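The chain contents come next:
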Amino acid sequence: MYRKQVRRRRAVLTLLIVGSFLLLTLTYGQAPSGVQQGMGAAFAPLADVADRALKPARDLVGWFDETFEARGENSRLREELAAARKQAVAGQAALNENAQLRKLVELDRSPVLAYSTFEPLTARVITRSPNVWHSAITVDVGRDDGVRVDDPVVSGDGLVGRVASVQGGSAQVTLLTDHTSGVTAQVLPGGAEGVVRPDVGDPEDLVLDFIKSARNIGAGQAVVTSGWRASEVSSLYPAHLPIGEVTEAPIVDQEASQQVHLRPYADLANLDLVQILTGGAR
Amino acid sequence: MIVTPKIFARLAAIGLLAVLLQICFFSRVTVFDVSPDGLPALVVVFGLLGGAMTGAVAGFAVGLLLDGSLVESLGGSSLVLIGIGYLAGTLRERLTLRGPLVAALLCMGLTVAAELGFALVQLTLGVDAPVSLLLVRDVVLKGIFAFFLGWPIYVVLCRLLRPALVEEPRLTRRRQPTVLGT
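Residues numbered from 1 in each chain as written. Chains lettered and ligands numbered in written order. Predicted model: local features only at pLDDT ≥ 70, side-chain atom pairs only at ≥ 80, totals over all residues.

S.K.: Which residues make up the overall build of chain A, and what are the values?
M.R.: Within chain A, the secondary structure is distributed over five helices and 14 strands. Taking all 282 residues of chain A together, the buried fraction comes to 37%. Taking the intrachain contacts of chain A between residues at least 6 apart in sequence as the baseline, contacts between residues at least 24 apart amount to 60%. (Helix = DSSP H or I, 4+ residues; strand = E, 2+ residues; numbered from the N terminus. Buried ≥ 20, exposed ≤ 12 C-beta atoms within 10 Å, placed from the backbone. Contact = placed C-beta atoms within 7 Å.)

And the structure:
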């Protein structure tokens, strides 16, 4: 009886492990299948409700976290923090949302988007991946709203990522900090070009790999999308979308290419509202 | 654990709610720049309450729900969480571990193991991007958060799954003194 039980346990465990490997083999690196799309679509309405219900709790935790971080800063920030403490949590949340929407409107009016074929579509973030390896979010707009795979996604501060998969009423966005992400970019002023890649584990650091340039690059310079076009193919992103600011530019003479570290303008860890740039030329 | 259809429905509802709570709340808040991960802790508690098989099956289901809800490659999270659930259940069966503090400590240790497992799976599958040393901070802090999440998860699940638990710890009642001559 005991042996039979042990054999059954081993069989179930083997079945589960083999099943996981099988699923991983079938789905890794592939476009989402019908089953995955169906699961995503089924979860989206539930996640939307849960997102709205849990927003006050998130804001409360966010408020405490910001308070802890502000403790280590200088006296000027302490004064600002003291003023911020007086605000009620609910009021703070409303102000934050308002500020994000204002920034999005400003980005719509900026020359980067005003003269392009892209149509900005505002979306609310409803879920986020729990581990640092998959830096992805789900938003509450989808195919029915005109969203397509590979549409660029921005926040009021700059580029956030691109749409990785899309269902009827929701879409998954791969952030700049996902290990699969890569964006062609240029440093301004100067125009040295390269590819922005993430540094897995550090959401506040991106790496710009580029062919060694004679131009000097220093901290504080802006990095924007390059938006290249060559015959029938072109970049997924429009040119001159802000990505981040150079924080470190080590000079290595022996290397054929140079690496520059930058901090993304967008706060990728705390996204509530984003804009999807729909309708771009492919 | 005696899994009747009613208990199975409860387990499924708990798993679904936990995944929703994770992707809509825990993953979207940061404490010291790290988001807590409560799902390994949940699977550990399932393993502690139900044994190795319950832990492994719960790990597979929770991982599948998580990957499915985020439209990510299926199987990666399941693979790691199966191991965590099975290990927690085996420890409980062999060492007779019991109590919220033990649960919290195991949640901490096995969450660290789970985060290392997630890293191992991703590195095995191939990561093009450079990997920062801050990943270590992420793993350690997630373990510490799991310690604080483990205790309430254990208490709540004990309450919710009480009818199914075989070895429910009982409160010891003092025996009434025998009164003679009445």
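Next, the rest of the story.
S.K.: With reference to specific residues and values, describe the overall build of chain B.
M.R.: Looking only at helices and strands, one finds six helices and zero strands in chain B. When the elements of chain B are put in sequence order from the N terminus, they spell out α-α-α-α-α-α. The C-alpha extent of chain B, read off along each of the three principal axes, is 85 × 35 × 30 Å. Counting the 182 residues in chain B, one finds 53% classified as buried. The contacts of chain B with a sequence gap of at least 6 include a subset with a gap of at least 24, amounting to 75%.

S.K.: Summarise the nonpolar core; cite the residues concerned and give the values.
M.R.: A general tendency of soluble globular proteins is for nonpolar side chains to be buried together. Among the nonpolar cores identified, the biggest contains 112 residues, and Val 160 and Val 173 of chain A together with Val 44, Val 45, Val 62 and Cys 107 of chain B are the most heavily contacted of them. Of all the elements, helix α3 (residues 52–69) of chain B adds the most residues to this core, at eleven residues. Not counting the four nearest positions on each side in its chain, Val 62 of chain B is found in contact with Gly 15, Ala 18, Val 19, Leu 39, Leu 42, Val 43 and Leu 81 of chain B. (Core = buried A, V, L, I, M, F, W, Y, C linked by C-beta atoms within 7 Å.)

S.K.: Could you give me a rundown of the interface of chain A and chain B, with the residues and numbers involved?
M.R.: Across the boundary between the two partners, chain A contributes 51 residues, which contact 44 residues of chain B. Contributions of two or more residues to the side of chain A that touches chain B are made by α1 (2–27), α2 (34–71), β1 (119–128), β2 (136–139) and β7 (193–198) of chain A. For the side of chain A that touches chain B, the leading source of residues is α2 of chain A, giving 15 residues.

S.K.: Lay out the confidence of the model for chain B in plain terms, naming residues and giving numbers.
M.R.: Residue-level pLDDT values for chain B average 85, and 92% of them are 70 or greater. Note on the complex model: pTM 0.71, ipTM 0.79. (pLDDT = per-residue confidence, 0-100.)

S.K.: A description of the packing of α3 of chain B against helix α4 (residues 76–95) of chain B should follow, citing residues and the corresponding values.
M.R.: Residues and elements named next belong to chain B. Closest axis-to-axis distance for the α3/α4 pair is 7 Å, and the angle between their directions is 160°. Taken as axis vectors, α3 and α4 run roughly antiparallel relative to one another. Our pair here, α3 against α4, has a crossing hand that is right-handed. Here the contact of α3 with α4 is composed, by residue class, of 14 nonpolar, ten polar and two charged. (Axes fitted to C-alpha atoms, helices over the stretch in contact; angles between N-to-C directions. Parallel < 35°, antiparallel > 145°, perpendicular 65-115°, else oblique. Left-handed = near helix turned anticlockwise from the far one by under 90°. Nonpolar A, V, L, I, M, F, W, Y, C, P; charged D, E, K, R; others polar.)

S.K.: Any details on the pairing of β7 of chain A? Residues and values, ideally.
M.R.: Residue and element names in this part refer to chain A. Two elements, strand β6 (residues 183–188) and β7, share four bridges in a ladder whose sense is antiparallel. Paired with Val 183 across the bridge in β7 is Val 196. Between the antiparallel neighbours β6 and β7 lie four residues, among them Gly 190 with a positive phi of about 120°. (Pairing = 2+ DSSP bridges.)

S.K.: Tell me about unusual backbone geometry, and please be specific about residues and values.
M.R.: Phi at His 240 of chain A takes a positive value of approximately 70°, unusual for a residue other than glycine. Its place among the elements puts His 240 of chain A in the loop between β11 (233–234) and β12 (242–248). C-beta crowding within 10 Å serves as the criterion here: with 18 such atoms nearby, His 240 of chain A is assigned to the partly exposed category. Non-glycine residue Asp 33 of chain B carries a positive phi angle of around 70°. With respect to the helices and strands, Asp 33 of chain B occurs in the loop between α1 (5–24) and α2 (39–50).

S.K.: Give a description of α3 of chain B that names residues and reports values.
M.R.: Residue and element names in this part refer to chain B. Here α3 is 18 residues long and its end C-alpha atoms lie 25 Å apart, about the 26 Å a rise of 1.5 Å per residue gives. Judged by how many residues are buried, α3 sits mostly within the fold: 18 of 18 residues are covered. Note on α3: the residue one or two positions beyond its end, Val 71, has a positive phi of about 50°. (Expected span 1.5 Å × (residues − 1).)

S.K.: How would you explain the packing of helix α5 (residues 100–125) of chain B against helix α6 (residues 134–160) of chain B if you had to name every residue and give the values?
M.R.: All names here are of chain B. Their axes nearest at 7 Å, the elements α5 and α6 cross at an angle of 145°. As α5 packs across α6, the resulting crossing turns out to be right-handed. Here Pro 100, Ala 103, Ala 104, Leu 105, Cys 107, Met 108, Thr 111, Val 112, Glu 115, Leu 116 and Ala 119 of α5 come into contact with α6, specifically with Leu 135, Val 139, Lys 142, Gly 143, Ile 144, Ala 146, Phe 147, Leu 149, Gly 150, Trp 151, Tyr 154 and Val 155. Of the residues contributing to the contact of α5 with α6, the split by class is 18 nonpolar, three polar and two charged.

S.K.: Hey, could you go over α2 of chain B for me, with residue numbers and the actual values?
M.R.: Residue and element names in this part refer to chain B. Under the 1.5 Å per step criterion, the end-to-end length of α2 is 16 Å for twelve residues, consistent within 8% with the ideal 16 Å. Judged by how many residues are buried, α2 sits mostly within the fold: twelve of twelve residues are covered. Within α2, burial applies to Leu 39, Pro 40, Ala 41, Leu 42, Val 43, Val 44, Val 45, Phe 46, Gly 47, Leu 48, Leu 49 and Gly 50. A positive backbone phi angle near 100° is found at Gly 51, which sits one or two residues after α2.

S.K.: Could you give me a rundown of the environment of Gly 40 of chain A, with the residues and numbers involved?
M.R.: With respect to the secondary-structure elements, Gly 40 of chain A resides in helix α2. Gly 40 of chain A sits 168 residues away from Leu 208 of chain A along the chain, and the two C-alpha atoms are 33 Å apart. Sequence-distant contacts of Gly 40 of chain A, defined by excluding residues within four places in its chain, comprise Gln 167, Ser 170 and Gln 172 of chain A together with Ser 69 and Val 71 of chain B.

S.K.: Talk me through the sheet that holds β2 of chain A; I want residue IDs and the actual numbers.
M.R.: Residue and element names in this part refer to chain A. Read once around its circumference, the closed barrel built from six strands follows the order β1-β2-β5-β4-β3-β14, with strand pairing classed as antiparallel. Direction aside, neighbouring strands of the sheet carry axes that sit 45° apart on average. Examined bridge by bridge, β1 and β2 share three bridges and lie antiparallel to one another. In the sheet register, Arg 128 faces β2, and the bridge partner there is Ile 137.

S.K.: So, the environment of Ala 52 of chain B: which residues are in play, and what are the values?
M.R.: Within the secondary structure, Ala 52 of chain B is located in helix α3. What makes Ala 52 of chain B buried here is the crowd of 21 C-beta atoms within 10 Å. As for Ala 52 of chain B and Leu 87 of chain B, which are separated by 35 residues in sequence, their C-alpha atoms are 6.7 Å apart. The contact partners of Ala 52 of chain B, leaving out residues within four places of it in the chain, are Arg 9 of chain A together with Gly 47, Tyr 86, Gly 89, Thr 90 and Glu 93 of chain B.

S.K.: Before we move on, could you go through the environment of Arg 92 of chain B and cite the residues and values that matter?
M.R.: Residues and elements named next belong to chain B. Within the element layout of this structure, Arg 92 appears in helix α4. Arg 92 sits in the buried class, given 23 other C-beta atoms within 10 Å. Sequence separation between Arg 92 and Ile 14 is 78 residues; the distance between their C-alpha atoms is 21 Å.

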